[in-house]
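Take a look at the letters that make up each chain.
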Amino acid sequence: MRGHEPRSSSSCAACKLLKRRCTPTCIFAPHFRSSDQMTFAKVHKVFGASNVSKLLSEVPEEQRQETVNSLAYEADVRLKDPVYGCIGAIASLQKKMLELQHDIAVARSRLLSAAHNNAGGGGVNNNNSSNHVSSLSPLVDDSSPQLAAFLDLVPSYSDLMLLDGSGLDAYLFDIGQPPFV
Amino acid sequence: MNPKRCAACKYLRRRCPKDCIFSPYFPPSDPDKFACIHRIYGAGNVSKMLQQLPVQTRAEAVESLSFEAKCRVEDPVYGCVGIISLLQTQIQKTQTLLARTQAQIAVAQAKHSQTQISEFM
């Protein structure tokens, strides 16, 4: 007769993939339901099950689902873009941000000009906005940026303020194809 | 032991062969780089990832993995995905600001046109 080890009624996605018994204390079970096999497969391929287990054990329980969500997102992006992963996504967003900042500079200049016209003045010298544009990163016009130069532009991670506790799902949206294809 | 072992082989306490997949990207002068990547991804996974890439793209892949691993060590919950979320939020706010500014331009231009018409009449 076999030992009376506790069995869970259904294995989580992790234990199914790893072909092992899923215990009631399985660290993966709350976050990788049996229907999440594809998600766990991606996370396992990029990070490895034992590394994910270590990462989860190092964060408070109430933050583990957010951790899993971000690992799944990172793994998904890395598998789609094996060279740049999330850095490609960050570069794409940085470029978009720089373009928007340029657009805002131009719009503000036009608004000043329009307001000046309404006040009865002549045309406004718009040179300031083009100086601002020329000081922007070369990434705006460079279709294949050097990664090292790009990494200098990413804000210092420790200076960034993270989300205020809202779930990642509310903020993340599909960023589309990586730019370095 | 070969005194010129790469940082990866030093960390893994093994001989560094001539065709070591890690040695071009993990010089012995920067031991923390491999330590960080190994902590998050594991040597086996990194080796597999690099093997599947063309040689000319491997240096960039290592740099991006290194950056992501550092982000994950600094923030075990969100990693570099925190940066992505922040940028997306900033972009949305900037787009709103741009739309507002463009609306203000339209109002100012409409006002200017009205003023010109009433002066004409």
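Conventions used here
Residues numbered from 1 in each chain as written. Chains lettered and ligands numbered in written order. Predicted model: local features only at pLDDT ≥ 70, side-chain atom pairs only at ≥ 80, totals over all residues. Heavy atoms only, no water. Helix = DSSP H or I, 4+ residues; strand = E, 2+ residues; numbered from the N terminus. Buried < 20%, exposed > 50% of the residue type's maximum accessible area, 1.4 Å probe, protein only. Contact = heavy atoms within 4.5 Å. Areas by Shrake-Rupley, 256 points an atom, 1.4 Å probe, with all protein chains shown as cover. Domains from an automatic or database assignment. UniProt positions renumbered as here; feature names shortened; annotations may be inferred. Arc of directions from axis to C-beta.

K.L.:
How should I be thinking about the overall build of chain A in this particular structure?
P.N.:
Helix and strand counts for chain A stand at seven helices and zero strands. Going residue by residue from the N terminus, the α and β elements of chain A occur as α-α-α-α-α-α-α. Buried residues in chain A amount to 38% of all 181 residues. Summarising the internal contacts of chain A: among those between residues at least 6 apart in sequence, 53% fall at separations of at least 24. Total accessible area on chain A stands at roughly 10,500 Å², and carbon and sulfur atoms take up 50% of it.

K.L.:
So what exactly am I meant to see when it comes to the environment of G44 of chain B here?
P.N.:
Mapped onto the elements of the fold, G44 of chain B is located in helix α3 (residues 43-51). Between the alpha carbons of G44 of chain B and A110 of chain B there is a distance of 65 Å; along the sequence they are 66 residues apart.

K.L.:
Is there a simple way to think about the domain arrangement of chain B in this case?
P.N.:
By a widely used convention, the size of an interface equals the accessible area lost when the partners come together. What the domain assignment reports for chain B is domain 1 (1-74) and domain 2 (80-120). One C-alpha centre belongs to domain 1 of chain B, the other to domain 2 of chain B, and the line joining them spans 47 Å.

K.L.:
What am I meant to see in the UniProt feature "coiled-coil region" (unreviewed entry) in chain B here?
P.N.:
The feature "coiled-coil region" (unreviewed entry), as annotated in UniProt, sits at residues 84-111 of chain B in this numbering. Helix makes up 100% of residues 84-111 of chain B and strand makes up 0%, while its end C-alpha atoms are separated by 40 Å.

K.L.:
Would you mind showing me how to read helix α2 (residues 31-40) of chain B here?
P.N.:
Counting along an α-helix, one turn takes 3.6 residues, and residues three or four places apart therefore face a common direction. Inspection of α2 of chain B places K33, F34, C36, I37 and I40 of chain B among the buried residues, and these make up the whole buried set. Down the axis, α2 of chain B shows its buried residues gathered within 160° of arc, on one side only. Of the surrounding secondary structure, the elements contacted by the buried residues of α2 of chain B are α2 (37-47) and α3 (49-58) of chain A together with α1 (7-12), α3 and α4 (55-74) of chain B. G42 of chain B occupies a position one or two residues after α2 of chain B and carries a positive phi of about 90°.

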